[in-house]
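Fold and contact review
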Amino acid sequence: KLRQLKNFAAEQPTTHAGHHMRRLIRNKMWSNADLLQSMEGLTVDDVQTCLRSFFSQCYIEGLMHGNITTQEGVSIMESIERMLIEKGGARPDPSLRHDLLRDVQLPDGCSVRFEAINKVHKSSCVETYYQVGMEETRPNVLVELFCQLIKEQCFSVLRTQKQLGYIVSSNVRRSCGSQGIRVLVQTEKDAKMVETCIEDFLRGCRDFLVDLSDDLFTKQVEGMKTRRLEKPKNLGQETSKYISEINSGHCNFNRDQIEMACLETVTKDDVIQFYDDYVALGAKKRRKLCVHILPETGNVAVEADTSSDEVDGGLLGTPELVGDIDRFKSGLSLFPQVRPFSVESQSHDDGVPPLRSQL
C-alpha cells in the first residue's frame, strides 16, 4: 500500500483527474497525500493495536447467491457473526449507524474549476462534470440515453475533427446516489482551450438532437434496451450486479427491467428538454465542475486559430476557482442519504406500471 501511494505521483493525468474529482464531490475522502503522510512513522505495534480493536464495532452485509437455500444463507451469516463476537471481540450495538458516503450538491447555475499539477507527465487532462441530481428511475434513463446519443458524436468531434488527444470519452458518472454527465480529454494542448472545445461541442448537441431522425432515435433506444436486458453470461457477472446494488444502498435488484420499462415512455422531445434543463449554456439547473490536471512546465501554447478571448472567456465565462477543497465543500449542502429502492418512492406520472424490486 505504501508503494502504491508513493507511485501515485507517476500515474496518468486521467487518474489524477478522477482522484481530485472524487475529492471535490464526496463529503468524506482522504487524499493520497494525506494517507501517505499518516503512514510516516507507523510501526508494527501500531498495526497490532489497531487490529485488536478493529472488529469491536463493525457493520456487515452479505450476499448469498447461487445454489444455496435461504436457510443456508442465514446460517452462514450467523456463523460469521458468532466468529466476529467470539474471536474479534465484536459487541452488538443497536445504536450503531451505517452511514453511506454522500455527494455534495452543487448550486444551480454554478461553474467551478479546480487545478492541480502533475510533476511527471507533460500532457494535461480536462474532466468536466455536469451534475444532474439524485438517482431515480426516470432521471437515470434520461442521463444514460443522452450519453449514449452523444457518445459517437463526442469522439468524432473532439478526437477526430479537433484532434485534442487520443483519450476522449463521455459517459454517465454516478457516485454515492448522485449522477451526472462526464466528458474527459487527455491532451497535449492548452487545458482552457480544451475545455472551451468541450463546451462548444455540447453547445452543438442541441442541433444534433433536433436533427436526429425518428428512425435513428428508435434504433438508439432499442440498442440501449438490448444491452441492458442482455442476460449475464455467467454467475460472476450476475453476482457483481447484485453486490453493486447492495454497496450503493439502492438494492434495486430489478433495475434493468424497471428502467427499460420507463425507457419505453421517453421521447426525443424529453431528451431535448433534459438537455435544455441541465446541459445548455445558461440553463438554470446547470451545475458544472471541471478539473484541470496541468504539467509542471505549464500549459502548452494555445492553437494559433484560437483567440485569447475565446480561451479566457466566452464559452467558459468566469468560473469559481477552488483552492481549498475542504473549505469549498464546507459551504455546500449534501444530497440525501441513499435509501433502498421502493415502488412508493418513485414517480409514476409517465404511466409506467410499477415493478417491484426483489432478489
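Residues numbered from 1 in each chain as written. Predicted model: local features only at pLDDT ≥ 70, side-chain atom pairs only at ≥ 80, totals over all residues. Heavy atoms only, no water.

Some points on the sheet that holds strand S2 (residues 111-118)
Stated formally: Strands pair, by our definition, only if DSSP identifies at least two bridges between them. Helix numbering and strand numbering both begin at the N terminus, where a helix is a DSSP run of H or I of at least 4 residues and a strand a DSSP run of E of at least 2. Here an angle of 0 to 180 degrees is reported between the N-to-C directions of two axes, which are lines fitted to C-alpha atoms, with helices fitted over the stretch in contact.
Strand order in the open sheet made by the six strands is S4-S5-S3-S6-S2-S7, with mixed pairing throughout. Here the strands that pair on one side only, and so sit at the sheet edges, are strand S4 (167-175) and strand S7 (320-322). Taking the axes of each pair of neighbouring strands and ignoring which way they run, one obtains an average angle of 20 degrees across the sheet. Bridging between S2 and strand S6 (residues 288-295) involves eight bridges; their strand directions are parallel. Within S6, the residue paired with arginine 113 across the bridge is cysteine 290.

Some remarks on the environment of glycine 18
Worth spelling out the cut-off: Relative accessible area decides the class of each residue, using a 1.4 Å probe on protein chains only: under 20% of the type maximum gives buried, over 50% gives exposed, and in between gives partly exposed.
Among the secondary structure elements, glycine 18 is positioned in helix H2 (residues 13-25). Relative accessible area serves as the criterion here: at 13%, glycine 18 is assigned to the buried category. Once the C-alpha coordinates of glycine 18 and isoleucine 293 are considered, the two residues, 275 residues apart in sequence, prove to be 10.0 Å apart.

A word on helix H7 (residues 191-211)
Heads up, the condition is: One less than the residue count of a helix, multiplied by 1.5 Å, gives the span that helix is expected to have. To obtain the bend at a residue, axes are fitted to the seven residues ending there and to the seven starting there, and the angle between these axes is taken. For this analysis, a polar contact is any N or O atom pair within 3.5 Å, provided that within protein one partner can donate a hydrogen and the other can accept it, and provided that sequence-adjacent residues contribute only side-chain to side-chain pairs.
Spanning 21 residues, H7 covers 30 Å between terminal C-alpha atoms, matching the ideal 30 Å at 1.5 Å per step. Along H7, the sharpest change in direction is near 30 degrees and occurs at cysteine 205. Every buried residue of H7 is accounted for by Ala191, Met193, Val194, Glu195, Thr196, Cys197, Ile198, Glu199, Phe201, Leu202, Cys205 and Leu209. Among the residues of H7, the N-terminal cap falls to aspartate 190, whose side-chain oxygen and the backbone nitrogen of lysine 192 are separated by 3.1 Å.

Some words on the packing of helix H6 (residues 137-161) against H7
Using the following cut-off: Orientation labels follow simple angle bins: below 35 degrees gives roughly parallel, above 145 gives roughly antiparallel, 65 to 115 gives roughly perpendicular, and whatever is left gives oblique. What makes a crossing left-handed is the near helix being turned counterclockwise from the far one by less than a right angle; a clockwise turn instead makes it right-handed. Residue contacts are counted whenever heavy atoms from the two residues lie within 4.5 Å of one another. Each residue gets one of three labels, nonpolar for Ala, Val, Leu, Ile, Met, Phe, Trp, Tyr, Cys and Pro, charged for Asp, Glu, Lys and Arg, and polar for the others, Gly among them.
Running from amino to carboxyl end, H6 crosses H7 at an angle of 125 degrees, the nearest separation of the two axes being 10 Å. It follows that H6 is oblique to H7 by the angle criterion. Where H6 crosses over H7, the two elements pack in a sense that is right-handed. Contacts from Phe146, Leu149, Ile150, Gln153, Cys154, Val157 and Leu158 in H6 reach Cys197, Ile198, Phe201, Leu202, Cys205, Phe208 and Leu209 in H7. Its residues placed into classes, the contact of H6 with H7 shows 13 nonpolar, one polar and no charged.

Observations concerning the nonpolar core
The nonpolar side chains of a soluble globular protein tend to be buried with one another. The test is simple: Here, nonpolar core refers to any group of buried Ala, Val, Leu, Ile, Met, Phe, Trp, Tyr and Cys residues whose side-chain atoms link them within 4.5 Å.
In terms of nonpolar packing, the biggest core is built from 46 residues, with Leu145, Phe146, Leu158, Ile198, Val271 and Phe274 touching the most fellow members. Listed by contribution, the elements that provide at least two residues to this core are strand S3 (124-134), H6, strand S5 (178-187), H7, helix H8 (214-229), helix H10 (255-263), helix H11 (268-278) and S6. A per-element tally of this core places H6 first, with 11 residues. Those residues within four positions of isoleucine 198 in sequence are excluded, and the remaining contacts are Val126, Thr128, Tyr130, Leu158, Val183 and Val185. Counting residues in hydrophobic clusters, the runner-up holds 20 residues, among them Leu24, Leu106, Ile325 and Phe328.

Here we look at the confidence of the model for the protein chain
Worth spelling out the cut-off: Here pLDDT means the predictor's own confidence in every residue, given as a number from 0 to 100.
When pLDDT is averaged across the protein chain, the result is 88; 89% of the residues are at 70 or more. Here residues 304-313 is a poorly scored stretch, pLDDT under 50, and it has 12 contacts once near neighbours within four places are set aside; other chains count. pLDDT under 50 marks residues 348-359. Its contacts with residues more than four places away, or in other chains, come to 28 contacts.

Considering the pattern of salt bridges
Defined as follows: Salt bridge, as used here, is a side-chain nitrogen of Lys or Arg placed within 4 Å of a carboxyl oxygen of Asp or Glu.
Applying the stated criterion across every chain yields a total of 21 salt bridges. Taking the shortest distance from any N to any O, the salt bridge between glutamate 127 and arginine 182 comes out at 3.5 Å. Taken together, the positions of glutamate 127 in strand S3 and arginine 182 in strand S5 put the pair 55 residues apart, joining distant regions of the chain. On the basis of relative accessible area, glutamate 127 is assigned to the buried category, the value being 1%.

What about the pairing of S6?
Along S6, eight of the eight residues are buried, which leaves the element largely enclosed by surrounding structure. Residues Lys288, Cys290, His292 and Leu294 of S6 are buried on one face, and the alternating residues Leu289, Val291, Ile293 and Pro295, pointing to the opposite face, are buried as well. As paired strands, S3 and S6 are joined by six bridges and run antiparallel to one another. When the sheet's bridge partners are listed, tyrosine 130 is paired in S6 with lysine 288.

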